[in-house]
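Here is how the chains run, residue by residue.
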Amino acid sequence: MNKKITIVGAGYVGMSLAILLSKNNVVKVYDIDKKKIKNIRAKKSTINNLELIKYWKENNLKIYATESKSNAFKQADIIIVCTPTNYDETKNFFETDSVKSTINEAINLNSNATIIIKSTIPIGFTSEISKFYNTDRIIFSPEFLREDKVLEDNLYPSRIIIGSKNKKAKDFAKLLDDISLVDTEILYMKSSDAEAVKLFSNTFLAMRVSFFNELDSYSIVKKLNVDSVIKGVCADPRIGDFYNNPSFGYGGYCLPKDTKQLLANYHSIPQNLIEAVVESNSTRKDFIVKEILKMRPKVVGVYLLSMKSNSDSFRTSSVQGIMTRLKEKGVKVIIFEPSLNKKTFHGFKVINDFESFENKSDLIVANRLTKKIEKIKNKVFTRDIFKKD
């Protein structure tokens, strides 16, 4: 099945889909970021993921980049929308303008293409916009990618969720199934059900992170061996040994905004747990800052902004909440982050000479331990118990 596919948005989801779908299809990538377009034309990935880059180099892939909407949309069989939907704290809802405008342009420029929404959206969004355009060719299909494992999660997906049961939906499911190297279950459902799957899945993961963070907070106060407690709890196969490593809170691009959007979707529906998951993340950061302040540091060095050891992304990483709170308490904060090629980040000084960073820091705060700082453990504050993401 050789299709002409246009992908809108060259972030983690868009770039990974472009690379994988281009093995059997002709793929065009459209993005308003000229730097990303330039990189793709030079056969460079827009995301720093070594496995994905290696896959691109080892396969003869047909990926093209364009800045022209007409060129991107007119000849496409399938248009995949991967634009960002950030959470608007004022409106208490996802900002979906980029998704809406992309769909509008696709509808106007191409009367036949199947339009797939991969962006995370509020529950009910696809149904409403499909009714507005009176069409059945707008389909929501959520992604479940870890930023540091985008290739693995595309090649070995846990499931494929398709928010429609029509022929267009099944044709797209076949494309995703062709990428997969395992026998993957395909679940067809209503668009609103698929949207709910995405938000509830991420909120459950956030809840799990929050649970073990609160277990860790209790263990610190009561002077328990948190390692032993977590291992004992997770030995129960119903609970399992995963997503249980304490941290400074859940972060990244998806979990903070998706939990808030799910809470907003509840409106007047009774709930306690979803709100608690959202509030728990802030509570954890407050607790961590109090623990740091007990050590009375004048200068705190933040070692890496990224959430995970194998990720170059630090969008809404939990340590940023720690930094802001420390600054409010009058503590000077400096950053060591080699991927930043600038002297400041959100008003915090960046020092990328590690020896200088270490010498200037009274205490080094690290969400995750690496070999580089293990030798100076006595100067490091972390809640990384198991040295895993």
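Since this is a predicted model, take the numbers as computed values, not measurements.

Asks: Looking at this structure, how should I read the pattern of salt bridges?
Replies: Pairing between side chains becomes possible if they bear opposite charge and their charged atoms approach one another. Counted under the stated rule, the structure contains 19 salt bridges. Residues Lys-198 and Glu-143 are paired through a salt bridge, measuring 3.2 Å at the closest nitrogen-oxygen approach. With Lys-198 in helix H9 (residues 191-221) and Glu-143 in the loop between strand S8 (138-140) and helix H7 (150-155), this residue pair connects regions lying 55 residues apart in the sequence. We note that Lys-198, like Glu-143, is buried.

Asks: Hey, could you run me through the packing of aromatic side chains in this one?
Replies: Aromatic ring pairs are defined here through the distance separating the ring centres and the angle between the ring planes. Per the stated rule, a full pass over the model turns up eleven aromatic pairs. The structure contains a cluster of three or more aromatic residues connected by ring pairs, namely Tyr-303, Phe-336, Phe-354 and Phe-357. Across the ring face of Tyr-188, the terminal group of Lys-170 is positioned such that the distance to the ring centre comes to 5.8 Å.

Asks: I would appreciate a short explanation of the sheet that holds strand S13 (residues 344-345) in the present structure.
Replies: Read across the open sheet, the six strands follow the order S13-S14-S12-S11-S15-S16; overall the sheet is mixed. The open sheet has two edge strands, S13 and strand S16 (380-381), and neither has a second partner. Both S13 and strand S14 (residues 348-350) contribute to a ladder of two bridges, which runs antiparallel. Bridging from a neighbouring strand, Phe-345 pairs with Phe-348 of S14.

Asks: What's the story with the pairing of strand S1 (residues 4-8) in this structure? I'm lost.
Replies: A regular strand carries its side chains on alternate faces of the sheet. Across the five residues that make up S1, a large majority, four, are buried. The sheet contact formed by S1 and strand S2 (residues 26-30) spans five bridges and is parallel. Note on S2: the bridge partner recorded for Ile-7 is Val-29. With helix H1 (residues 12-21) bridging S1 and its parallel neighbour S2, the resulting β-α-β unit is right-handed. Relative to strand S4 (residues 78-81), S1 runs parallel, the two sharing four bridges. Bridge pairing links Thr-6 to Ile-79 in S4.

Each value, and the rule that gives it
- Residues numbered from 1 in each chain as written.
- Predicted model: local features only at pLDDT ≥ 70, side-chain atom pairs only at ≥ 80, totals over all residues.
- Heavy atoms only, no water.
- Salt bridge = Lys/Arg side-chain N within 4 Å of Asp/Glu carboxyl O.
- Helix = DSSP H or I, 4+ residues; strand = E, 2+ residues; numbered from the N terminus.
- Buried < 20%, exposed > 50% of the residue type's maximum accessible area, 1.4 Å probe, protein only.
- Phe/Tyr/Trp six-rings, centres within 6.5 Å; stacked < 30°, edge-to-face > 60°.
- Lys NZ or Arg CZ within 6 Å of the ring centre and 35° of its normal.
- Pairing = 2+ DSSP bridges.
- Right-handed = clockwise from strand over helix to strand, strands pointing away.

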